[in-house]
Amino acid sequence: MALVKAGVVVLDCAEPEKLAEFYKGLLDAEEIDRTANRVEIRSDDGTRLAFRRDVNATPPSWPRPENSLQAHLDFLVDDLDEVERRVVGLGGRPLETKGAPGPYEERGYADPAGHSFTLRLAPSTAPKQG
């Protein structure tokens, strides 16, 4: 059984709300999630993109090497510890794990080539209790 539930391309930017509006219009997409620092959209064909606030973000300079190709991947998982063991076993390394501030609902990693990605807990489908 696969541990990863879905992948989302995440673009870091200074103003995620504005970038999300652009892509919503371009892809005829709808907003499916919003937090203070992240907006996620989905198009009718299932394409999912998210935009994460980074106040120090600078525009990519492609094809120049400085600040080029700024993107990372988010993967939704049910068990962060289990998937972390698999990531490390495959040659990845933790960037921001249990020592990160705030709730431990996501963790950052680098793949063997150094590209960053995030594992996030998949939203629970169980009804809220209490």
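The structure reproduced in this document is the subject of the present report. In this text the structure is predicted, and so the values were computed from the model without any measurement. (Residues numbered from 1 in each chain as written. Predicted model: local features only at pLDDT ≥ 70, side-chain atom pairs only at ≥ 80, totals over all residues. Heavy atoms only, no water.)

### Details of the packing of aromatic side chains
Counted by the stated rule, this structure contains four aromatic pairs. Pairing Tyr23 with Phe51 gives two aromatic rings, centres 5.4 Å apart and planes at 20 degrees, and the pair type is stacked. With Tyr23 in helix H1 (residues 16-27) and Phe51 in strand S4 (residues 48-53), the pair connects residues that are 28 residues apart, well separated along the chain. The exposure class assigned to Phe51 is buried, which follows from its relative accessible area of 0%. Between the aromatic rings of Tyr109 and Phe117, the centroid separation amounts to 5.8 Å while the plane-to-plane angle is 25 degrees, which identifies the pairing as stacked. Like Phe117, Tyr109 is buried. A connected cluster of aromatic rings, assembled from ring pairs, spans Phe22, Tyr23 and Phe51. (Phe/Tyr/Trp six-rings, centres within 6.5 Å; stacked < 30°, edge-to-face > 60°. Helix = DSSP H or I, 4+ residues; strand = E, 2+ residues; numbered from the N terminus. Buried < 20%, exposed > 50% of the residue type's maximum accessible area, 1.4 Å probe, protein only.)

### Overview of the pattern of salt bridges
By the definition in use, this model includes 16 salt bridges. Between Asp33 and Arg38 there is a salt bridge; the shortest N-O distance is 3.8 Å. For Arg38, a relative accessible area of 9% gives the class buried. With its nearest N and O atoms 3.4 Å apart, the salt bridge here joins Glu84 to Arg107. Linking Glu84 in helix H2 (residues 80-89) with Arg107 in strand S7 (residues 106-110), this pair joins segments that are 23 residues apart in sequence. Among the residues examined, Arg107 registers a relative accessible area of 7% and is labelled buried. By sharing partners, the salt bridges in this structure join Asp33, Arg38, Glu40, Arg48, Asp74 and Arg120 into a single network. (Salt bridge = Lys/Arg side-chain N within 4 Å of Asp/Glu carboxyl O.)

### Topic: the layout of surface pockets
Empty space within the second largest pocket amounts to approximately 160 Å³. Lining the second largest pocket we find Leu3, Val4, Phe75, Val83, Arg86, Val87, Leu90, Gly92, Asp111, Pro112, Phe117 and Leu119. When contributions to the lining of the second largest pocket are tallied by element, the ones reaching two or more residues are H2 and strand S8 (116-121). The class makeup of the residues in the lining of the second largest pocket is nine nonpolar, one polar and two charged. (1 Å grid on protein atoms, 1.4 Å probe; cavity = no way out; pocket = protein on both sides within 12 Å on 5 of 7 lines; lining within 4 Å. Points joined across faces, edges and corners; volume = space filled by probe spheres on them. Nonpolar A, V, L, I, M, F, W, Y, C, P; charged D, E, K, R; others polar.)

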